[in-house]
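# Architecture and fold: a report
Take a look at the letters that make up each chain.
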Amino acid sequence: MQGLLLAVLIMLTSACTSIRMEAGFIRDVEIESAILSQTADAFPEIELLELDQKIKDYLAVHIHPSDSAPQKIEILRTLLFNEEYLNIQYEDSANNSAIETFLARQANCLSLVNLFIAMARHVGLDAQYQTVQIRPRWNLRGELLVLSEHINATGRVTHSSRYIVDFTPELSLQQRTASVVSDSHARALYFNNLGVEKLIIREYEAALAYFKNALWIDPELAIAWNNAGAVFNRLAMTELAEYSYQRSFDIDKSSSTSINNLAKLYYARQDYEKAELYTQAIQRFNNRNPYYHFLLGNLAYSDGNFDRARRHYYAAIKRKDIEPDFYFAMSQTYQRLGMQDEAQQMLSRAAYMLGLSDEAYRPSQEKLRIIQENTIFRSSNSGFSIFPNGL
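Nothing here was measured: the structure is a model prediction, and the numbers come from that model. (Residues numbered from 1 in each chain as written. Predicted model: local features only at pLDDT ≥ 70, side-chain atom pairs only at ≥ 80, totals over all residues. Heavy atoms only, no water.)

Glancing now at the overall build of the chain. Broken down by element type, the chain carries 16 helices and 8 strands. In the chain, which comprises 391 residues, the proportion classed as buried is 54%. Counting contacts in the chain only where the partners sit at least 6 residues apart, residues at least 24 apart contribute 68% of the total. Counting every atom, the chain has about 17,400 Å² of accessible surface; 49% of that belongs to carbon and sulfur. (Helix = DSSP H or I, 4+ residues; strand = E, 2+ residues; numbered from the N terminus. Buried < 20%, exposed > 50% of the residue type's maximum accessible area, 1.4 Å probe, protein only. Contact = heavy atoms within 4.5 Å. Areas by Shrake-Rupley, 256 points an atom, 1.4 Å probe, with all protein chains shown as cover.)

In this section: the packing of helix 14 (residues 306-319) against helix 15 (residues 324-336). Remark: helix 14 packs on helix 15, axes separated minimally by 9 Å, with the N-to-C direction vectors making an angle of 155°. Between helix 14 and helix 15, the angle is such that the two are roughly antiparallel. Seen along the crossing, helix 14 lies across helix 15 with a hand that is left-handed. Residues F306, A309, R310, Y313, Y314, A316 and I317 of helix 14 lie in contact with helix 15, whose contacting residues are F326, Y327, A329, M330, T333, Y334 and R336. In terms of residue class, the contact of helix 14 with helix 15 is built from 11 nonpolar, 1 polar and 2 charged. (Axes fitted to C-alpha atoms, helices over the stretch in contact; angles between N-to-C directions. Parallel < 35°, antiparallel > 145°, perpendicular 65-115°, else oblique. Left-handed = near helix turned anticlockwise from the far one by under 90°. Nonpolar A, V, L, I, M, F, W, Y, C, P; charged D, E, K, R; others polar.)

Unlike most non-glycine residues, R202 shows phi in positive territory, near 65°. Relative to the assigned elements, R202 resides in the loop between helix 7 (183-200) and helix 8 (204-217).

Next up on the list: the pattern of salt bridges. Between side chains of opposite charge, a pair can form as their charged atoms come close. Tallied over the full model, the rule gives 14 salt bridges. Between E32 and R247 there is a salt bridge, with the nearest N and O atoms lying 3.7 Å from each other. Of this pair, E32 sits in helix 2 (residues 29-35) while R247 sits in helix 10 (residues 238-251); the two residues are 215 residues apart in sequence, bridging distant segments of the chain. One exposure class covers both E32 and R247, and it is buried. Of the charged contacts in the structure, one is a salt bridge between D307 and R311, with a shortest N-O distance of 2.6 Å. Here R311 and D307 lie together in helix 14, a separation of 4 residues that amounts to about one turn. In this structure D307 comes out as partly exposed when scored by relative accessible area, which is 35%. Residues joined in a network through salt bridges with shared partners are R27, E32, E220, R247, D250 and K253. (Salt bridge = Lys/Arg side-chain N within 4 Å of Asp/Glu carboxyl O.)

Another point: the packing of helix 13 (residues 290-302) against helix 14. In contact at an axis separation of 8 Å, helix 13 and helix 14 are set at 165° when each is read in the N-to-C sense. As the angle between them shows, helix 13 and helix 14 are arranged roughly antiparallel. Two packed elements cross with a definite hand, and for helix 13 against helix 14 that hand is left-handed. Every residue of helix 14 that contacts helix 13 at P290, H293, F294, L296, G297, N298, A300 and Y301 is listed here: F306, R308, A309, H312, Y313, A315, A316 and R319.

Looking now at the nonpolar core. With 81 residues, the main nonpolar core has L59, L76, L80, L115, F116 and F191 as its most contacted residues. Here this core takes 10 residues from helix 6 (residues 109-122), the largest share from any one element. Among all residues touching L59, those that are not within four sequence positions of it are L51, L76, L79, M119, H122 and V123. Counting residues in each nonpolar core, the second largest holds 16 residues, with F294, A316, F326 and M346 among its members. (Core = buried A, V, L, I, M, F, W, Y, C linked by side-chain atoms within 4.5 Å.)

Below, the discussion takes up the confidence of the model for the chain. When pLDDT is averaged along the chain, the result is 82, and 78% of the positions lie at 70 or above. Note that pLDDT drops below 50 for residues 170-175; the model gives that stretch 28 contacts with residues more than four away or on any other chain. Counting interchain partners and residues more than four positions distant, the pLDDT-below-50 stretch residues 359-365 has 28 contacts. (pLDDT = per-residue confidence, 0-100.)

Along the chain, the position of N227 falls in helix 9 (residues 222-234). Only 2.9 Å separates the side chain of N227 from the side chain of N192, close enough to count as a polar contact. (Polar contact = N/O pair within 3.5 Å; in protein donor to acceptor, adjacent residues only side chain to side chain.)

This paragraph deals with the environment of V132. Within the secondary structure, V132 sits in strand 3 (residues 128-141). Linking V132 and N152, residues 20 residues apart in sequence, is a C-alpha distance of 7.5 Å.

Attention now moves to the environment of S256. Inspection of the secondary structure puts S256 in helix 11 (residues 256-268). For S256, a relative accessible area of 2% gives the class buried. For the pair S256 and I282, spaced 26 residues apart in the sequence, the C-alpha separation amounts to 6.6 Å.

Okay, here's the thing in structure tokens:
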């Protein structure tokens, strides 16, 4: 499986830097109007945060209005994850509303957050969606590789502290990349995710309807533009595909996925000059990207080539010297090379860097964390992004 994923995986890494490229893109009102032709939400019947009476009664049994905010948060965590209660399990393809999640007992990150936020607000808690960048996770789904990104829930506990509820707390979250987002943005992500599921099973018209609805809700959702482009490309509507990929990159200059898709589109057109231009842009981006070098180090380590792994980990550290995992990896590599003093030195540096990390972003086995408000927030995306498998 690793060999199958490698060709594209190494070209599409973390969105931690922008891609230096002049795409020459100019927005076209006529084309954009053709893509975003609807005048209202096409699925008003879907209410992500609605609770039925059964759920409200369930909450009334377990949470008393006089309970403190920390007590309510802890009770909700127990209700959602404890085996004696809902015991909700992770399922990547479970794109559900709050009510559907309650009934199915399965959810992906966004679906779980839908239910948590709806329940939290019902019992009087502050609760919001929050996107957080993670190490890129690529999953082979049919003929596509799907990049999974991340969303969790957050809210204020006191004037100086917030909580975070996270379905997958063991993930390595990139430091200082959290961004509270609106309910409408989360709704756009939801329809983007529904579109991905339809795209995977080749129901292109249904997929396109979902992507268009996501873009009607949030026209600046770069991943939905990219994914709409993937559908247009499969429908042989290459002009719209090209425009959608370009619009995605116009919004998000770190979108290596859209640049890669454009390179593939130009190769298919036999426009080799443009294809090479975009391919070189990706290569330059990867060379600057520490997580690209970290990936190459991991691959070399898995192959038993520890000297090569050491060189790649060094390149990663040179580009981002505050990432604890880079030092942990280097420490393990030095151990394999029989260089015990160097291994211990790297391990000490890893522990030091981990100590500098914000509490909110350390991997943990706890799905609920209370943190002091000392975090710097900046923009990030969440959801699913699509690109074709293979080069």
